[in-house]
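Observations on chain architecture
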Amino acid sequence: GNSVTQMEGPVTLSEEAFLTINCTYTATGYPSLFWYVQYPGEGLQLLLKATKADDKGSNKGFEATYRKETTSFHLEKGSVQVSDSAVYFCALIRNSGGYQKVTFGTGTKLQVIP
Amino acid sequence: DVKVTQSSRYLVKRTGEKVFLECVQDMDHENMFWYRQDPGLGLRLIYFSYDVKMKEKGDIPEGYSVSREKKERFSLILESASTNQTSMYLCASRPPDRPYEQYFGPGTRLTVT
């Protein structure tokens, strides 16, 4: 079936460090891939997306490239800030019973310390 | 901006009680969803609705039901709450032509004692 695997957290980084959060997926066909972010006390927000192989999604300094050959969609940021502290979810869209449903990873908590 | 609101941020209920969680969105979205979020398990889909009076089971519907009498409102019902339903519940809505663009509410943290 379709699934998403993320690295376990928490990930603790100092401000201005480089961030990578790994995400791999298992899916039939070619799903669209996403990263969502959940700031403390809030619901999830769409951070970026990629709809086909080799697409690069980017937003707020974050990037992720859809790699079909390695079935990966790793999230990166060159220089993190304290305000990036949140939980990050990798996700894919799958077709199920004629409907499009989102499958989420388990989430990776990022803590950025000054 | 799309706004999705949930009736309570925190709720404490006793085992066996009937629990209603309400969700309202203000962007005229047809599609609405209920998830539960648990540590180490991520988000799991409970029920969803693609239109008024329409509902479909998600991946973990057991012990839950839903109601969608109006387009903007989607209610999750726990007929007889149990301790294993203690969780964070998230409601979401989305436009039908952009399935990835889900807008989430802030969540309701339900504790069943």
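Position numbers for residues start from 1 in each chain and track the written sequence from start to end. All chains are assigned letters beginning with A, and all ligands numbers beginning with 1, in the order in which they are written. Only residues with pLDDT of at least 70 get local features here, since the model is predicted, and only at 80 or more are side-chain atom pairs given and counted; chain-wide, interface and lining totals rely on the full set of residues. Hydrogens and water molecules were not included; the side-chain quantities draw on all heavy atoms of the structure.

Here we look at the overall build of chain B
- Strands here mean DSSP runs of E at least two residues long; helices mean DSSP runs of H or I at least four residues long; both are numbered from the N terminus. Helices and strands together make up the secondary structure of chain B, namely 0 helices and 11 strands.
- Helices (α) and strands (β) of chain B occur, in sequence order from the N terminus, as β-β-β-β-β-β-β-β-β-β-β.
- Compactness check: chain B gives a C-alpha radius of gyration of 13 Å against a globular reference of 13 Å for 113 residues, within 12% of the reference.
- Oriented by its inertia axes, the alpha-carbon framework of chain B measures out at about 40 × 30 × 25 Å.
- Evaluated residue by residue, chain B yields a buried proportion of 51% over its 113 residues.
- In chain B, once contacts between residues fewer than 6 apart in sequence are set aside, the share between residues at least 24 apart is 54%.
- Per-residue and other accessible areas were derived by the Shrake-Rupley procedure at a 1.4 Å probe size, with only the shown protein chains allowed to occlude residues. About 5400 Å² of surface is accessible on chain B, with carbon and sulfur atoms providing 48% of the total.
- Under this rule, positive means Lys or Arg and negative means Asp or Glu; His and the chain ends count for nothing. By convention, the charge on Lys lies at NZ, on Arg at CZ, on Asp at CG and on Glu at CD. Across chain B, the 17 positively charged side chains and the 16 negatively charged ones have centroids separated by 6 Å. In this treatment the radius of gyration is a C-alpha quantity, and the globule benchmark scales as 2.2 Å times the residue count to the 0.38 power. Each residue is placed in one exposure class: buried if its accessible area under a 1.4 Å probe, protein chains only, is under 20% of its type's maximum, exposed if it is over 50%, and partly exposed if it falls in between. Contacts were defined at the residue level, with two residues in contact if any of their heavy atoms lie within 4.5 Å.

Some thoughts on the interface of chain A and chain B
- Contacts between the two partners involve 19 residues from chain A and, on the opposite side, 23 residues from chain B.
- Defined here as a combined quantity, buried area equals the accessible surface (1.4 Å probe) lost by two parts on assembly, summed across both. Here chain A meets chain B over a buried area of about 1700 Å², counting both sides, of which 58% is carbon and sulfur.
- Salt bridges are defined by distance alone: a side-chain nitrogen of Lys or Arg within 4 Å of a carboxyl oxygen of Asp or Glu. Counting across the interface, chain A meets chain B through 0 salt bridges.
- Two N or O atoms count as a polar contact when they lie within 3.5 Å, although within protein this holds only if one can serve as hydrogen donor and the other as acceptor, and sequence-adjacent residues are included solely when both atoms are side-chain atoms. At the junction of chain A and chain B, the tally comes to 2 residue pairs in polar contact (both at pLDDT 80 or more).
- For the side of chain A that touches chain B, the secondary structure elements donating two or more residues are β5 (33-38), β6 (44-50), β10 (86-96) and β11 (99-104) of chain A.
- Ranked by residue count, the leading element in the side of chain A that touches chain B is β11 of chain A, at 5 residues.
- For this classification, the nonpolar set comprises Ala, Val, Leu, Ile, Met, Phe, Trp, Tyr, Cys and Pro, the charged set comprises Asp, Glu, Lys and Arg, and every other residue, Gly included, is treated as polar. Of the residues contributing to the side of chain A that touches chain B, the split by class is 9 nonpolar, 6 polar and 4 charged.

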